[in-house]
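A structural walkthrough
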Amino acid sequence: MRRAVCPGSFDPITNGHLDIIARASRLYDEVYVAVMINQAKKGLFEIEERIELIREVTADCANVRVEAFHGLLVDFCKQRDIPAIVKGLRAVSDFDYELQMAQMNNGLTGVETLFVPTNPAYSFLSSSLVKEVAAWGGDVSHLVPAPVLAALNKRLRRD
C-alpha cells in the first residue's frame with residue numbers, strides 16, 4: 001500500500017490545504033493528515049477541534065486519515081510505514097525552508113518529500129492570514145470550507 005503524509009498545524013485548514021490533500025489522495029492509497037502539536041504555540045483552535053474540522057471537510061476522500069502527532073515527523077512516518085511526505089509550495093520562499101526540512105528528514109530516516117506546486121488561486125493563502133483577516137471582520141468565505149468558516153465565526157463571536 002502506498003502511503004503519504006500531509007503535515008501541518010492546520011489552524012485552521014484552508015482551501016489551499018484541502019487542494020494539496022485531495023491531490024495527494026489521488027496519488028496514494030492512504031494519506032495521513034498529521035496535525036502536528038507545537039506546545040510552544042497557542043492556536044486559535046484546540047488540536048481536537050482541528051482534527052474534527054479536517055475529518056469533516058475531507059469526508060469525501062475515503063483514503064484520508066487524520067491524526068495528531070507530537071514530535072518528529074519522521075517518527076510519525078516510521079511508526080506508520082509512510083515513505084513520503086507531501087508538501088505544497090506557494091512560492092520560492094517556501095522552497096528554501098522546505099528543502100532544508102526535506103533534506104534533514106531524508107538524512108534521518110530516508111523518507112522522501114514530494115513538493116506539489118500550489119494551485120495559483122491559493123498561492124497567497126495561509127492559516128495565519130485567514131485568522132488575521134477574519135479577526136478584523138474580513139470575508140474569508142472563499143478561502144476556507146463552510147464548516148471552518150462557521151467555526152471561525154463562532155470562535156471570533158460572529159455567528
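This text gives an overview of the structure that appears in the document. This one's a predicted model, so the numbers in the text were calculated from it and none came from an experiment.

Here's the deal with the overall build of the protein chain
The number of helices and strands found in the protein chain is six helices and five strands. Listing every helix and strand of the protein chain by position from the N terminus yields β-α-β-α-β-α-β-α-β-α-α. Projecting the C-alpha coordinates of the protein chain onto the three principal axes gives extents of approximately 45 × 30 × 30 Å. Residue pairs in contact within the protein chain that sit at least 24 positions apart in sequence constitute 74% of those at least 6 positions apart. As displayed, the protein chain has an accessible area near 8800 Å², and 54% of this comes from carbon and sulfur atoms.

Notes on the sheet that holds strand 5 (residues 112-117)
Reading across the sheet, the five strands line up as 3-2-1-4-5 and stay open at both edges, with parallel pairing between neighbours. Lying at the two open borders of the sheet, with one neighbouring strand each, are strand 3 (64-69) and strand 5. Here the strands of the sheet are splayed against their neighbours by 30 degrees on average, with no regard to which way each runs. As paired strands, strand 2 (residues 30-36) and strand 3 are joined by six bridges and run parallel to one another. Paired with Ala34 across the two strands is Glu67, which belongs to strand 3.

Quick word on the nonpolar core
When a protein is soluble and globular, its nonpolar side chains tend to lie buried together. Formed by 33 residues in total, the largest nonpolar core has its most connected members in Ile13, Val86 and Leu152. Elements that contribute at least two residues to this core include exactly strand 1 (3-8), helix 1 (15-27), strand 2, helix 2 (47-57), strand 3, strand 4 (84-89), helix 5 (127-135) and helix 6 (146-155). Ranked by residue count, the leading element in this core is helix 2, at five residues. For Leu152, the residues in contact, after removing those within four places along its chain, are Pro12, Leu44, Phe45, Val130, Ala134, Val140 and Val144. With 12 residues, the next largest nonpolar core counts Tyr32, Ala34, Phe76 and Val111 among its residues.

Concerning helix 4 (residues 92-109)
Between its first and last C-alpha atoms helix 4 spans 26 Å; for 18 residues at 1.5 Å apiece the expected length is 26 Å, and the two agree. All of the buried residues along helix 4 are Asp94, Glu98, Ala102 and Asn105. The inward-facing, buried residues of helix 4 abut helix 3 (73-80), strand 4 and strand 5. With its phi angle positive at about 85 degrees, Gly110 sits one or two positions after the end of helix 4.

Digging into helix 5
Residues of helix 5 that are buried: Ser127, Val130 and Ala134. The arc enclosing the buried residues of helix 5, seen along the axis, measures out at 60 degrees, which places them on a common side. Buried residues in helix 5 make contact with helix 1 and helix 6. At the C-terminal side of helix 5, Gly137 shows a positive phi close to 85 degrees.

The rules we used
Residues numbered from 1 in each chain as written. Predicted model: local features only at pLDDT ≥ 70, side-chain atom pairs only at ≥ 80, totals over all residues. Heavy atoms only, no water. Helix = DSSP H or I, 4+ residues; strand = E, 2+ residues; numbered from the N terminus. Contact = heavy atoms within 4.5 Å. Areas by Shrake-Rupley, 256 points an atom, 1.4 Å probe, with all protein chains shown as cover. Pairing = 2+ DSSP bridges. Axes fitted to C-alpha atoms, helices over the stretch in contact; angles between N-to-C directions. Core = buried A, V, L, I, M, F, W, Y, C linked by side-chain atoms within 4.5 Å. Buried < 20%, exposed > 50% of the residue type's maximum accessible area, 1.4 Å probe, protein only. Expected span 1.5 Å × (residues − 1). Arc of directions from axis to C-beta.

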